[in-house]
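Geometric and topological summary
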Amino acid sequence: TQDTGGGSEEQEENLHADEIAFIENNVANFTFVFASDVSGDLRSNVYDLIDRLRAMGVTVSEPVNHTDASVVSECEIIIGTGVKGRDGKYSVNPYDLGDDGYVVKVIDKKLVIAGGTVAMTEEAFDYFVEQVLCITDETASFESLYVKKDFENLQLTEYPITSVKIGERELSEYTIILDIE
């Protein structure tokens, strides 16, 4: 959620108790981290976003590659599926997402943006910009960004199973018995 300011410090603290402050008082508390599978186009989009945030008065640090273990921040926005050097805890298996799926979720104080394919990671980043940051062409200023600690947006495409064969026989020729005790 974007915050426009106002209210006492104590009210502010209580208001955001179940959220992580990614941007506070025009200062980004995070570092963008590129995983190994981030495309050149997506890197350009991230740099464009950083330039845009800076133009709105937000102080943002330069992104880092996931392999740079010397630069690990408490609060990070990790983009892509192949993340190493961060306990493996923030990696996403692209096969779990499928060719048409993506996830944007908070794990600890890190926001993970990943897709089942490079194109879907790019779509997940677009979702992040439009729906989490809520930045549009008309956005002129940006002071704060708080994200719920349990935030998750998982987009998967489900495919109906029309037939399954075991050997040369259709599964419909079999009976499945499940003993529930």
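Residues numbered from 1 in each chain as written. Predicted model: local features only at pLDDT ≥ 70, side-chain atom pairs only at ≥ 80, totals over all residues. Heavy atoms only, no water.

Here's the deal with the overall build of the protein
A count of helical and extended segments in the protein gives four helices and twelve strands. Contacts in the protein between residues far apart in sequence, at least 24 positions, make up 64% of those at least 6 positions apart. Accessible surface, the protein: about 10800 Å² in total, of which carbon and sulfur atoms supply 47%. (Helix = DSSP H or I, 4+ residues; strand = E, 2+ residues; numbered from the N terminus. Contact = heavy atoms within 4.5 Å. Areas by Shrake-Rupley, 256 points an atom, 1.4 Å probe, with all protein chains shown as cover.)

Considering the confidence of the model for the protein
Averaged over every residue, the pLDDT of the protein is 82; residues scoring 70 or more account for 82%. Here strand S1 (residues 2–3) is the element of the protein with the lowest mean pLDDT, 50, and helix H2 (residues 40–55) is the one with the highest, 94. (pLDDT = per-residue confidence, 0-100.)

What about the nonpolar core?
With 37 residues, the main nonpolar core has Phe 32, Phe 125 and Phe 128 as its most contacted residues. Mapped by element, the contributors of at least two residues to this core are strand S2 (19–24), strand S4 (31–34), H2, strand S6 (76–79), strand S7 (102–107), strand S8 (110–115), helix H4 (118–132) and strand S9 (144–148). Sort the elements by how many residues they give to this core and H4 lands first, with seven residues. Not counting residues within four places of it along the chain, the set of residues in contact with Phe 32 comprises Val 46, Leu 49, Ile 50, Pro 63, Val 64, Ile 77, Ile 79, Phe 125 and Phe 128. (Core = buried A, V, L, I, M, F, W, Y, C linked by side-chain atoms within 4.5 Å. Buried < 20%, exposed > 50% of the residue type's maximum accessible area, 1.4 Å probe, protein only.)

Some words on the pairing of S9
Most of S9 is tucked away, with four of its five residues classed as buried. Pairing analysis gives four bridges linking S2 to S9, with the strands arranged antiparallel. Looking at the pairing, Ile 23 lines up with Leu 145 of S9. (Pairing = 2+ DSSP bridges.)

Observations regarding a negative patch on the surface
On the surface, a cluster of negative charge is made up of Asp 99, Asp 100, Glu 123, Asp 126 and Glu 130. By secondary structure assignment, the location of Asp 126 is in helix H4. Judged by its relative accessible area of 35%, Asp 126 falls in the partly exposed class. (Patch = residues over 30% accessible without salt bridge, like charges linked within 9 Å, V, L, I, M, F, W, Y side chains within 5 Å. Salt bridge = Lys/Arg side-chain N within 4 Å of Asp/Glu carboxyl O. Lys, Arg positive; Asp, Glu negative; His and termini not counted. Charge placed at Lys NZ, Arg CZ, Asp CG, Glu CD.)

Structural notes on the pattern of salt bridges
Evaluation of the coordinates by the stated rule reveals four salt bridges. Among the ionic pairs, Lys 148 bridges to Asp 18, the shortest N-O distance being 3.1 Å. Here the residue Lys 148 occupies a position in strand S9, and Asp 18 occupies one in the loop between helix H1 (9–15) and S2, the gap between them amounting to 130 residues. By relative accessible area, which is 37% here, Lys 148 ends up partly exposed. When the shortest N-O distance is used, the salt bridge between Glu 62 and Arg 54 registers 2.9 Å. Among the residues examined, Glu 62 registers a relative accessible area of 43% and is labelled partly exposed.

Some points on the layout of surface pockets
There is about 160 Å³ of room inside the largest pocket. Put simply, the parts of the chain that give the lining of the largest pocket at least two residues each are H2 and H4. Residues that form the lining of the largest pocket fall into these classes: four nonpolar, two polar and five charged. (1 Å grid on protein atoms, 1.4 Å probe; cavity = no way out; pocket = protein on both sides within 12 Å on 5 of 7 lines; lining within 4 Å. Points joined across faces, edges and corners; volume = space filled by probe spheres on them. Nonpolar A, V, L, I, M, F, W, Y, C, P; charged D, E, K, R; others polar.)

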